[in-house]
Amino acid sequence: MSLAIWVCESDYDFDRVAAEWVAAHLEGPDPVLGLPTGGTPEGLYRELVRMHREEGLSFRSARTFNLDEYVGLAADHAQSYAHYMRERLFRHVDIDPSRTHIPNGLCEDPDEEARRYDALLREHGPIRAQVLGIGSNGHIGFNEPGTAFKTRTHTVQLTEETREANARFFESIDEVPRLAVTMGIANILESEAILLMAKGSSKQEALKRAFTDPPSIDVPASALQTHADVTVLVDREAAVGLAALLSQGPDGS
Ligand code: PGA
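The following paragraphs examine the structure supplied in this document.

What counts, and at which threshold
- Residues numbered from 1 in each chain as written.
- Predicted model: local features only at pLDDT ≥ 70, side-chain atom pairs only at ≥ 80, totals over all residues.
- Heavy atoms only, no water.
- Pairing = 2+ DSSP bridges.
- Helix = DSSP H or I, 4+ residues; strand = E, 2+ residues; numbered from the N terminus.
- Axes fitted to C-alpha atoms, helices over the stretch in contact; angles between N-to-C directions.
- Contact = heavy atoms within 4.5 Å.
- Salt bridge = Lys/Arg side-chain N within 4 Å of Asp/Glu carboxyl O.
- Buried < 20%, exposed > 50% of the residue type's maximum accessible area, 1.4 Å probe, protein only.

## Quick word on the pairing of strand β8 (residues 179-182)
Stage number 1. Relative to β8, strand β4 (residues 68-70) is paired through three bridges, and the arrangement is antiparallel. Paired with D68 across the strands is T182, a residue of β8.
Stage number 2. Pairing between strand β7 (residues 154-157) and β8: four bridges, direction antiparallel. Each residue of the ladder has a partner; that of T155, found in β8, is V181.

The following block contains the structure:
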């Protein structure tokens, strides 16, 4: 495992460091980015938009693949990941919308949609730089505990834990979809470089299990231990889960 751990002191640093990592991977011809949604990357997208406006960071030659999408939500539904990405990044930068890929939440056949998305990833991959969050249950994308590491893009039943964690974005938990299409762990592992971002105490245990215990399908993020280029970006609270891997404790002791 080649694992770098970066601990940030402030949200400002966290977002800037993440954005600079992405910007570095936008250099060179035909960059392909893998992108997450959720609460953690919101500041990353704000910072990328700022860098585009103020520093000329360009997405003109980029292609993007989002990790996942809820089944049953239209691209203009306020909680769809297509809407999230458009509002937070795509409509604010110079990316060609035809080069931004997200599974179609309104597909008639989710399994067929997963196959279509996987074929697109094979056509345009490998992803040069994959950004990930981590669920409190250790999921990456919507690869829930128990997902085999060789799994490619597939349809998934969301766990109650994940639906509860995401209910904060909906009017009520009843509105949180039960099904999603997600890139598989194998797709994620094919990326050339991975940045996993985690903030807050709710991620401590998942990080600890993912990076300090042996890899296990019970903790999907532990598959990252088999990848050659992983950077974990954490705030001080999340870093507590990685204390055993840090030369100093996250409180500097
Ligand atoms: P969050 O989600 O950024 O909203 O905590 C992360 C994830 O579930 O992958």
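## Regarding the sheet that holds β7
Stage number 1. Across the sheet, which stays open at both edges, the three strands sit in the order β4-β8-β7 with antiparallel pairing between neighbours. Of all the strands in the sheet, the pair left with one neighbour each is β4 and β7. Averaged over neighbouring strand pairs, the angle between their axes works out to 25 degrees when direction is ignored.
Stage number 2. In this fold helix α4 (residues 110-124) packs onto β7 and β8, with an angle of close to 135 degrees to the strand it touches most, β7.

## Here we look at the pattern of salt bridges
Between side chains of opposite charge, a pair can form as their charged atoms come close.
Stage number 1. Under the definition given, this model contains 17 salt bridges.
Stage number 2. In this structure, E54 and R50 form a salt bridge, with 2.9 Å as the shortest nitrogen-oxygen distance. Highlighted residues: E54 and R50, both in helix α2 (residues 42-55), separated by four residues, approximately one helical turn.
Stage number 3. Residue classification places E54 among the exposed positions, given a relative accessible area of 59%.
Stage number 4. The class of R50 is partly exposed, set by a relative accessible area of 25%.
Stage number 5. For R91, the salt bridge identified is with E87, shortest N-O distance 3.0 Å.
Stage number 6. The class for R91 is exposed, based on a relative accessible area of 54%.
Stage number 7. Residue class for E87 comes out partly exposed when judged on its relative accessible area of 28%.

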